[in-house]
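One letter stands for each residue in the lines below.
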Amino acid sequence: MGSSYGFVTFACWKLAERAWRNIRSPLRALPGPKGASWIYGNSKEIYSVENPILHEQWVKEYGTTLKYKGLFYSDILFTMDTRALNYVITHNSDYQKPSQLQYLLGRVLGQGVLIVEGAQHRQQRRIMNPAFGPAQIRALTDIFFSKSIKLRDIWSTMTVASEDAAGVDVMPWLSRMTLDVIGLAGFNYEFDALNANEEPNELNQAFSVIFSATRKMSVLPMLKAWIPLLRWIPSERDRQIDAAQKTMGRIGHQLLRDAKAAAMSSCSVEKGSSFEKSGLQGRDLLSLLVRANMATDIPENQRISDEDVLAQVPTFLAAGHETTSTARTWALYALCLCPDIQTKLRRELWTVETETPSMDELVALPYLDAVLRETLRMHAPLPSTVRIAMKDDVLPLNTPFTDRYGVAHDGIKVSKGDQIFIPMLAINRSEAIWGLDAKEFNPDRWLLPPDRASQVPGVWGHLLTFLGGPRSCIAYRFALVEMKALLFTLVRAFEFELAVPASDIGKKSRIVQRPILRSDPENKNQLPLLVRPYRKTSGLS
C-alpha cells in the first residue's frame, strides 16, 4: 500500500514538473503525435511494434523533425536531419546520456567507457584507443577463426546425426561462440561456452547474471533510476548483480595482475626497463590496455586507475557479446530470405584456398563486405539511443521544418534537459538516403552507394550502426573482422534456410533487437534454421 501511494505521489510530481517544462520548452512548437498516456506517453506504442516502424510513420505524417511524448509526458525531439544528428553526436560534452540511462546501464556494466561521460570518458578512451587499432585486431584474427571452426564442427556433427539438414536454433550457439571469443580476445580467459557438456565456470555464471539483467527490466529498477533515494531499497535483482560483480571483480583483479606481470616480464626481456605506447603488442585487449596504461611515454595524469581498467571487463563482455552475436544472427536470417545472395556469397568465399585467411584476405572479399554492410544497415543490433541537452542550444539543419503554427525554422532550439532521440536504424533504412528499395536487403547497393549516404555521420560505412563522433563504438573493427570470420566459416560449410515461415519471425527490442517467433506465446528470443552441409562441386554452384 505504501509503495503504491509513493508511486502515485511521485508520478503526480513528475507529471507536474514535466508539464511546466513542456510549457517552457521550445520543443512545444514542433509537430508530432499526441501522447497515448500521461505516464508512458507514446512509449508503449513504440515498444508494441517493431523498431522503427512507428517512427517512420510519424515522419510521413509530421515531417523529418518532430516531437513525441516519453515517460511522464516529457517532450522528446526526433529528427532525421543528418546535420542536426551530426551536431549532437560530435558535441558529446553538450549532449550526454540521461542520468537515468547511466544508472541503469552502470548498475550492471560498471563505470566503463560505455557509461562514463566527460573527462573520465576522454581519459579512458585515450588509453584504450591503441588496443583497437588495425594491427591489434589483425593479431586476434586467428582466435576468431578457431572459435568459428569449433562451432562449424559442432553443427557438422549435428547434421550427421540428422542424416541431412539439422534443425538448429542458431541464436544460443552464436551467443556461446561470441562469449568464447570475447573471453580469449578480451582478456585471455577461456569460457569454454561452446562445450555444452561442461558446467559453466564461475565467471561464465557471473556473466549470465549480468547478461540477464540487461535483458529484463521491471518497475523497481526504473523507479530507482528516476528516484535516487529508492536505490537504498535492496531487491533480489540487486543482490544477484552484487554477487555477480563481486565474482567478476575478484577474477578481474587476478586477470589484471597476470596482465601486469606479463607486461613487465616482456618489457624487461625485450626492451630493458621501459616501453612506449606506440609499440603495443599483446594477445588480448586487456593486456594491450594494461601495456598502454603502463607506457613510459604518457604523462602520469593521463593514466587510468586499476578500477577504471577493471571496469572495461563487463563492458567488453556485455557490449561486445550482445551486439555481435545478434548481428550475426540477423546475417544468417537475411541469407535465408535471399538464397541467391547466399549462393553468390558462398561462391566468393570458396575462391579463398585456406579455411583460415588473414584479416587482410578477409577484407579483400568485396561481396562478403557488401553482405555485412547490408546486414548492419538493415538489422542494426542497437536500433536507437538517446541524448540529453546539457545547455540551451540550437541544432543546425540541412532541411528547414515548419512548426505547428506554420512558421519555418532553419534550426531547432533546445533547452537544457531536453531529450534528443538518435534514430540509428531509421536513418539506416531511410528512403530519402538509400532510395525506394531502402527496406529491401540488397548488398549490390554497396557497389555504388548513393551520394546522400555520405551525409550520415557514422564512424563506419555511412551508417549509424556504430554511431559516430567521440562516442562511436571503439571496438567496431573488432566486431567487423569477427563477424566476417564467422560468416566465412559457416557459409562455406553449410546451406541455411528458415525452419519456420518467414512471416512467423519478428523482432523484439530490449536494448538490442533480437528475433522472436510470433507464434511463441512466451516471445522467447530464437531463430530456428535448417542447417544442411554444403557439398562443393566442380562447378562451384
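See the structure shown above.
The rules behind these values
Residues numbered from 1 in each chain as written. Predicted model: local features only at pLDDT ≥ 70, side-chain atom pairs only at ≥ 80, totals over all residues. Heavy atoms only, no water. Buried < 20%, exposed > 50% of the residue type's maximum accessible area, 1.4 Å probe, protein only. Helix = DSSP H or I, 4+ residues; strand = E, 2+ residues; numbered from the N terminus. Pairing = 2+ DSSP bridges. Axes fitted to C-alpha atoms, helices over the stretch in contact; angles between N-to-C directions. Parallel < 35°, antiparallel > 145°, perpendicular 65-115°, else oblique. Left-handed = near helix turned anticlockwise from the far one by under 90°. Contact = heavy atoms within 4.5 Å. Nonpolar A, V, L, I, M, F, W, Y, C, P; charged D, E, K, R; others polar. 1 Å grid on protein atoms, 1.4 Å probe; cavity = no way out; pocket = protein on both sides within 12 Å on 5 of 7 lines; lining within 4 Å. Points joined across faces, edges and corners; volume = space filled by probe spheres on them.

A. Region of the structure containing the pairing of strand 4 (residues 166-169). Alternating residues of strand 4 divide into Ala166 and Val168, all buried, and Gly167 and Asp169, none buried. Two elements, strand 4 and strand 12 (residues 528-533), share four bridges in a ladder whose sense is antiparallel. When the sheet's bridge partners are listed, Val168 is paired in strand 12 with Leu529.

B. Expanded view of the sheet that holds strand 12. Ordered by their spatial adjacency, three strands build an open sheet running 4-12-9, and the pairing between neighbours is antiparallel. At either margin of the open sheet sits one strand with a lone partner, and together these are strand 4 and strand 9 (494-498). Across this sheet, the average inter-strand angle for adjacent strands is 35°, counted without regard to direction. The sheet contact formed by strand 9 and strand 12 spans five bridges and is antiparallel. Bridged to Leu498 within strand 12 is Leu529.

C. Main features of the packing of helix 8 (residues 170-187) against helix 19 (residues 476-493). Contact geometry for helix 8 and helix 19: axes closest at 12 Å, N-to-C directions at 130°. In terms of axis orientation, helix 8 runs oblique to helix 19. For the crossing formed where helix 8 meets helix 19, the hand is right-handed. Residues Leu174, Met177, Thr178, Val181, Ile182 and Ala185 of helix 8 form the contact with helix 19, whose own contacting residues are Phe478, Glu482, Leu486 and Leu490. Of the residues that constitute the contact of helix 8 with helix 19, the class distribution is eight nonpolar, one polar and one charged.

D. Representation of the environment of Val290 within the structure. With respect to the helices and strands, the residue Val290 is situated in helix 12 (residues 285-294). C-alpha of Val290 to C-alpha of Gln57: the two residues are 233 residues apart in sequence and 48 Å apart in space. Those residues in contact with Val290, other than ones at most four positions away along the chain, are Leu256, Ala259, Lys260, Ala263 and Val309.

E. Focus on empty space enclosed by the protein. Under the criterion given, the structure shown has two cavities of 30 Å³ or more. Approximately 40 Å³ is the volume found for the largest cavity. Considering each element in turn, the lining of the largest cavity owes the most residues, three residues, to helix 3 (residues 53-62). When its residues are assigned to classes, the lining of the largest cavity shows five nonpolar, two polar and one charged.

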